[in-house]
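# Architecture at a glance
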Amino acid sequence: KHDIYLQRYCRTGHKKMIGKQRELEARKKDGSLFPCTIGLTEVHHMGSRKFVGFIKDVTVQKSLLIAEAERQASDNLLHNILPEHIAHRLKQDPSHIADH
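Residues numbered from 1 in each chain as written. Predicted model: local features only at pLDDT ≥ 70, side-chain atom pairs only at ≥ 80, totals over all residues. Heavy atoms only, no water.

## Considering the pattern of salt bridges
In a structure, side chains of opposite charge can pair up when their charged atoms sit close to one another. Taken as a whole, this structure holds four salt bridges when the rule is applied. Across the salt bridge formed by glutamate 68 and arginine 71, the nearest N and O atoms sit 2.6 Å from each other. A residue pair is termed a helical-turn pair when its members lie 3 or 4 positions apart in one helix, as glutamate 68 and arginine 71 do in helix H2 (residues 59–81) at three residues. (Salt bridge = Lys/Arg side-chain N within 4 Å of Asp/Glu carboxyl O. Helix = DSSP H or I, 4+ residues; strand = E, 2+ residues; numbered from the N terminus.)

Take a look at the structure:
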């Protein structure tokens, strides 16, 4: 599939993936899946045309995004169910819950 894409690109010059990045899941040797970014670029060197592919594991970045979304959802819930001054105190220091 990939070879056909590169052959078509060399023949027509029509880029679909070259110069772009795409996020997907990849499989490690042990069979586990991980989120990654892949990309493909074209390099010309001394009259020769080469294609360079890359893959970057974005597990940490995805985990941070999920944690931030969960924190934001928690903050929103806190502000929706409690009076503003109590929600603010709990957000600053959760040990304040014992004060009431």
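## Some points on the sheet that holds strand S1 (residues 21–27)
The strand order S1-S2-S3 describes an open sheet built from three strands, whose pairing is antiparallel. The open sheet terminates on both sides in strands that have one partner only, identified here as S1 and strand S3 (48–57). Direction aside, the axes of adjacent strands within the sheet are offset by 35 degrees on average. As paired elements, strand S2 (residues 33–45) and S3 share ten bridges and run antiparallel to each other. The residue bridging cysteine 36 from the neighbouring strand is aspartate 57, located in S3. (Pairing = 2+ DSSP bridges. Axes fitted to C-alpha atoms, helices over the stretch in contact; angles between N-to-C directions.)

## Section: the packing of aromatic side chains
Evaluated as defined, the whole model comprises one aromatic pair. Residues tyrosine 9 and phenylalanine 51 carry aromatic rings whose centres are separated by 6.0 Å and whose planes lie at 80 degrees to one another, so their mutual orientation is edge-to-face. Of the two residues, tyrosine 9 is situated in helix H1 (residues 2–12) and phenylalanine 51 in strand S3; the sequence distance between them amounts to 42 residues. Overall, the relative accessible area of 25% leaves phenylalanine 51 in the partly exposed class. (Phe/Tyr/Trp six-rings, centres within 6.5 Å; stacked < 30°, edge-to-face > 60°. Buried < 20%, exposed > 50% of the residue type's maximum accessible area, 1.4 Å probe, protein only.)

## Some remarks on unusual backbone geometry
One non-glycine residue, methionine 46, lies in the positive phi region at around 50 degrees. Tracing the backbone through its elements, the reader meets methionine 46 in the loop between S2 and S3. Residue methionine 46 is classed as exposed on the basis of its relative accessible area of 78%.

## Describing the packing of H2 against helix H3 (residues 84–92)
Look at H2 against H3: their axes get within 9 Å of each other, and the N-to-C directions meet at 145 degrees. Listed contacts from H3 to Arg71, Asp75, Leu78 and His79 of H2 are Glu84, Ala87, His88, Leu90 and Lys91. A breakdown of the residues in the contact of H2 with H3 according to their chemical character gives three nonpolar, two polar and four charged. (Contact = heavy atoms within 4.5 Å. Nonpolar A, V, L, I, M, F, W, Y, C, P; charged D, E, K, R; others polar.)

## A closer look at the nonpolar core
In this structure, Tyr5, Tyr9, Met17, Ile18 and Leu40 together form the largest nonpolar core, which totals five residues. Other than its neighbours up to four places away in sequence, methionine 17 contacts Tyr5, Arg22, Ile38, Gly39 and Leu40. (Core = buried A, V, L, I, M, F, W, Y, C linked by side-chain atoms within 4.5 Å.)

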